[in-house]
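Analysis of the macromolecular model
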Amino acid sequence: MAATVERVVAAEASEKQMSAKKVLSAASPLTLRIVAECSVTKARACELILPHSAVSTPVFMPVGTQGTMKGITVDQLDDLGCRICLGNTYHLGMRPGPDLIEKANGLHGFMNWERNLLTDSGGFQMVSLVELSEVTEGGVKFKSPYDGKEILLSPEKSIAIQNSLGSDIMMQLDDVVSSTVTGPRVEEAMHRSIRWLDRCIAANKNPDKQNLFAIIQGGLNVDLRKACLDEMTQRDVPGFAIGGLSGGEEKDDFWRMVTLSTDHLPREKPRYLMGVGYAVDLVVCVALGCDMFDCVYPTRTARFGSALVPWGSLQVKHRQYAKDFQPIDPDCQCPTCKRHSRAYLHALFKSDSAAMHHITIHNIAYQLNLMGSVRQSIVEGRFPDFIRTFMKRLFPSPDQYPGWAVDALASVNVTLE
Amino acid sequence: MKLELSRLVQGGGRLGVLKGLGRTKQLSLEVPGCLLYTHLGTVPHLTQDTLQTLSNLPSVTQVSLSNIAEHQEVLEEFKDGFRKFAGLHDTLLYCSLHDPAAPFPTGHITNKTVSVWGSGGRIELNVAKFMALQKVVQPDWYQSMADGETWQNNTSLKRVRKSVDRTLAHLDECLLLHQNSQELEGVEVFGVVEGGDVLEERVRSARETAKRPVAGFCLDSLRAGSIDPALRTQLITAVTKELPEDKPRLLQGVGRPDEVLACVEAGVDLFESFFPFQVTERGCALCFSFDISPDPESAVLQLDDEERDAAEKTQLNGDLNPDDQTQMTSFEINLNDKRYQDDFRPLVEGCGCYCCKNHQRAYLHHLLVTNELLAGVLLMIHNTAHYHGFFGALREAMASDKVDLLKRRVLRERDEQTERKEQDG
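On a predicted model such as this, the values are computed, not experimentally measured, just so you know.

1. Notes on the sheet that holds strand S13 (residues 239–242) of chain A
In a beta sheet, neighbouring strands are held together by backbone hydrogen bonds and run either parallel or antiparallel to one another. All names here are of chain A. Pairing in this open sheet of eight strands is parallel, and the strands run S5-S15-S14-S13-S12-S11-S7-S6 from one edge to the other. The strands lining the two open edges of the sheet, one partner per strand, are strand S5 (59–61) and strand S6 (84–87). The mean angle between the axes of side-by-side strands here comes to 25°, regardless of whether they run parallel or antiparallel. Pairing geometry for strand S11 (residues 169–171) and strand S12 (residues 211–216), over three bridges, is parallel. The residue of S12 that forms the bridge with isoleucine 169 is asparagine 211.

Pasting the structure below:
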């Protein structure tokens, strides 16, 4: 029963070790304190100490692609309890560019966000957004959508940009292959990602201020994932991400790759599952041992009028809410639900963009509150019960539970009715 | 509602306070002043959190039937009035017919009806429907139904007369229904003065409207771009002479600071604050100086030369056509301009708004070029703060006999540009 035992499993730099920094290799600016571990599942609750503030995990990190959270001010985001959010290296590297952001004292200064930032490597956007991209050993080659110039995003270049952005957590450049691709390309990408990790580690100018996370690749192939885990966990990185998933693969494959990864990742370092943000996926993957998540879905869907609620989602623009004078979720304490009704938001969508901001605020609050409740249940040793209650609320009847979620939870000893 | 005038400034201009407002009679509104412009009760782009970062907001919120009419059924079912429906609390609600920032097509007015345009298209209102709407909106003040279609150039005298007659007829009908309606007890009606650009008709409209039991007056069909500003000032001066001293005059559709100053001198008390919204929508920030502190050197709100050049260029290119309300004016800077991409100063040095205290021009420029929603939020916060600050400075200047100084300050940039243009031309 480790549930209530507080143990400091410092990844690296605690105060004492700082003095020994010269003799040790790079001491990373990250400490993971495991507050509680679920005695049934692989879930854990931690304090992740990062340069700009502590983060309670499991944590959902909203995505602020271009140095802004979609119509929400940094004060609003802070008030919602957000302690870490994402910026996208590809977008910010293009506009306004790393030089300008460096002049503005990094992305923190540029957007005036005093909490933590995580930046991706830029590689994923390049492969997903830019048609003309080619991956070579040197890096990802692509044509700028703004001026048509050919640009090579190498591991060194990605880290240089992220160094300019000054994020608290940087991601290595990885060779991203669609999770539905099979064959030798997957193996090549896995090996290349390992080589690129080494180049990224070497390129990091600020190892004392910026944490570099490795990204586990290997597609949906157990052996490749395992090989990647073996290699990457030998590197001295402060954290690991599970990559190459959430790209349209079967959910049965997805959860198996997640659980395989967490089985082999070191207990004392944070695990970040990239691109996951649906409520069910979050709860299940916490049970599988993941600590950090990000996804554009909650904020993107908000702008289309889709509000997240414990029973799924509510389409505010749908006619049935025109005369519905309740808040989106009567139990929600967010600023939107405390002041406005479904009917007013429904009407406002026809008149002003502030309607989108209201739903964005609600959805971020929903995600953060969900993770807060998950965490509390882990600390209080009742996470399995939490899962059962959560699923019951989300689905009208147990026969609608997704099979993969039932299987995944069973694999960590949680049986649903 | 009671208008207490504390000062009549020489050469025109009334300083005072509207007191005893709202159902609790606790609220007041200083004049000259402006109402809070909204889309359906929401200041454009802003949520309550961001709106509350602004201090000294007016106590009167404006909503328009063009936004609300399509939600009549909803409000009928809600029953508790629009203010509560919109989640508004301590504000007075003023309901106008049209949205002053949304142009609408002409040619849809009949003897018995006017039309408003909402998100779903045109909605035709006769007096009965108009009053049924007021009953469900439950505002504190509302503008009486009016034929305000005479703002176009070349409107015939016949058409102008008709608009005055119709508007008076609508007012009488509105008042009749109003007096027989329990729901509207304590609600105030603003009569509408029409008359196009015909002095005699303006005077007739004002005189006749003033005979009715109205609480205040809307001066309609004088909106920016539709009429020569000098002629407008003349007409307003003639109209306000006919109106009782103790009732407020609200001018519709005028928002530029220089025009506000001229119209205040002509006797206007209230304006609609749609101008900061229009400035926001074109990616601009208000930056004109209204500092009347004794030492002019301490006036920090001054454009540097480079910016003046840029604004001048804009003027030469576009501001010559004042008919277009979407054109940038000399009271603002355009944050889309590349010159701001590495400008790490606040929008206005010394401004205390949330945007200026937290963000830099370079960031605003980035948000605009990347089409990010936060651009509108931050610009709207600043522009609203700046505009209401201007009205505060105007009242202060009137109280301390410094109107001329304020006028010189506000008009300087505009006039300097006009001079340069003339020299160049």
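2. Quick look at the sheet that holds strand S3 (residues 27–31) of chain B
Residue and element names in this part refer to chain B. Taken in spatial order, the three strands of this open sheet run S1-S2-S3, and their pairing is antiparallel. Looking at strand neighbours, the two that pair on one side only are strand S1 (2–8) and S3, the edges of this open sheet. The sheet shows a mean angle of 15° between the axes of neighbouring strands, direction not considered. Summarising the sheet, strand S2 (residues 14–21) and S3 pair through four bridges and their orientation is antiparallel. The partner of valine 17 across the bridge, within S3, is glutamate 30.

3. Details of the packing of helix H15 (residues 354–379) of chain A against helix H16 (residues 383–394) of chain A
Residue and element names in this part refer to chain A. One way to put it is that H15 packs onto H16 with a least axis distance of 7 Å and a crossing angle of 140°. Taken together, the axes of H15 and H16 lie oblique to each other. Note on element contacts: H16 touches H15 through Phe383, Phe386 and Phe390, opposite Tyr366, Leu370, Ser373, Val374, Ser377 and Ile378. When the residues that make up the contact of H15 with H16 are grouped by side-chain class, the tally is seven nonpolar, two polar and no charged.

4. Remarks on the environment of A:Ile216
All names here are of chain A. Assignment of secondary structure puts isoleucine 216 in strand S12. Given the relative accessible area of 0%, isoleucine 216 is considered buried. Separated by 27 residues in the primary sequence, isoleucine 216 and glycine 243 have C-alpha atoms spaced 5.5 Å apart. Excluding its chain neighbours within four sequence positions, the residues that come into contact with isoleucine 216 are Arg225, Cys228, Leu229, Met232, Phe240, Ala241, Ile242, Gly243 and Leu265.

5. Looking at helix H13 (residues 361–369) of chain B
Residues and elements named next belong to chain B. In terms of burial, H13 is largely enclosed, as eight of its nine residues are buried. Those residues of H13 not exposed but buried are Arg361, Ala362, Tyr363, Leu364, His365, His366, Leu367 and Leu368. Positioned one or two residues after H13, asparagine 371 has a phi angle of 60°, which is positive.

6. Details of the environment of B:Pro213
All names here are of chain B. Here proline 213 is to be found in the loop between helix H7 (199–211) and strand S11 (216–219). By relative accessible area, proline 213 is classed as exposed at 54%. Between the C-alpha atoms of proline 213 and leucine 171, which are 42 residues apart in sequence, the distance is 9.9 Å. Once residues within four sequence positions are removed from consideration, proline 213 is found in contact with Leu175 and Gln179.

7. Considering the nonpolar core
Residues B:Phe82 and B:Phe271 are the most contacted members of the largest nonpolar core, which totals 163 residues. Looking at this core, the element that brings in the most residues is helix H14 (residues 373–399) of chain B, giving 14 residues. Filtering out sequence-adjacent residues up to four positions away, B:Phe271 remains in contact with B:Gly33, B:Cys34, B:Leu35, B:Leu250, B:Leu251, B:Val254, B:Val260, B:Cys263, B:Val264 and B:Phe391. A:Met190, A:Val280, A:Val284 and A:Cys295 belong to the second-largest nonpolar core, a separate cluster that totals 60 residues.

8. Overview of H14(B)
Within an α-helix, residues lying three or four positions from one another point in the same direction, as the helix has 3.6 residues per turn. Residues and elements named next belong to chain B. The end-to-end C-alpha distance of H14 is 40 Å, a good match for the 39 Å that 27 residues give at a rise of 1.5 Å each. Where burial is concerned, most of H14 is hidden: 21 out of the 27 residues are buried. At the C-terminal side of H14, aspartate 401 shows a positive phi close to 60°.

9. With respect to the pattern of salt bridges
Evaluation of the coordinates by the stated rule reveals 49 salt bridges over all chains. The closest approach of N and O atoms between A:Asp281 and A:Lys251, which form a salt bridge, is 2.3 Å. Of this pair, A:Asp281 sits in helix H11 (residues 279–287) while A:Lys251 sits in helix H10 (residues 251–264); the two residues are 30 residues apart in sequence, bridging distant segments of the chain. Since its relative accessible area comes to 6%, A:Asp281 is described here as buried. We note a salt bridge from B:Asp343 to B:Arg361, for which the minimum N-O separation is 3.1 Å. With B:Asp343 in the loop between strand S15 (332–334) and helix H12 (354–358) and B:Arg361 in helix H13, this residue pair connects regions lying 18 residues apart in the sequence. Residue classification places B:Asp343 among the buried residues on the basis of a relative accessible area of 10%. Residue classification places B:Arg361 among the buried positions, given a relative accessible area of 6%.

10. Comments concerning the UniProt feature "binding site: Zn(2+)" (unreviewed entry) in chain A
All names here are of chain A. What UniProt calls "binding site: Zn(2+)" (unreviewed entry) maps, in this numbering, to Cys332, Cys334, Cys337 and His362. A stretch of 31 residues holds the annotated residues, and the largest C-alpha distance among them is 8.4 Å, short enough that they meet in one place. Structurally, cysteine 337 can be placed in helix H13 (residues 335–339). Apart from residues lying up to four places away in sequence, cysteine 337 is in contact with Pro327, Ile328, Asp329, Cys332 and His362. Mapped onto the elements, histidine 362 comes out in helix H15. Residues contacting histidine 362, with those up to four places away along its chain left out, are Ala307, Leu308, Val309, Ile328, Asp329, Cys332, Cys334, Thr336 and Cys337.

Rules of the game
Residues numbered from 1 in each chain as written. Chains lettered and ligands numbered in written order. Predicted model: local features only at pLDDT ≥ 70, side-chain atom pairs only at ≥ 80, totals over all residues. Heavy atoms only, no water. Pairing = 2+ DSSP bridges. Helix = DSSP H or I, 4+ residues; strand = E, 2+ residues; numbered from the N terminus. Axes fitted to C-alpha atoms, helices over the stretch in contact; angles between N-to-C directions. Parallel < 35°, antiparallel > 145°, perpendicular 65-115°, else oblique. Contact = heavy atoms within 4.5 Å. Nonpolar A, V, L, I, M, F, W, Y, C, P; charged D, E, K, R; others polar. Buried < 20%, exposed > 50% of the residue type's maximum accessible area, 1.4 Å probe, protein only. Core = buried A, V, L, I, M, F, W, Y, C linked by side-chain atoms within 4.5 Å. Expected span 1.5 Å × (residues − 1). Salt bridge = Lys/Arg side-chain N within 4 Å of Asp/Glu carboxyl O. UniProt positions renumbered as here; feature names shortened; annotations may be inferred.

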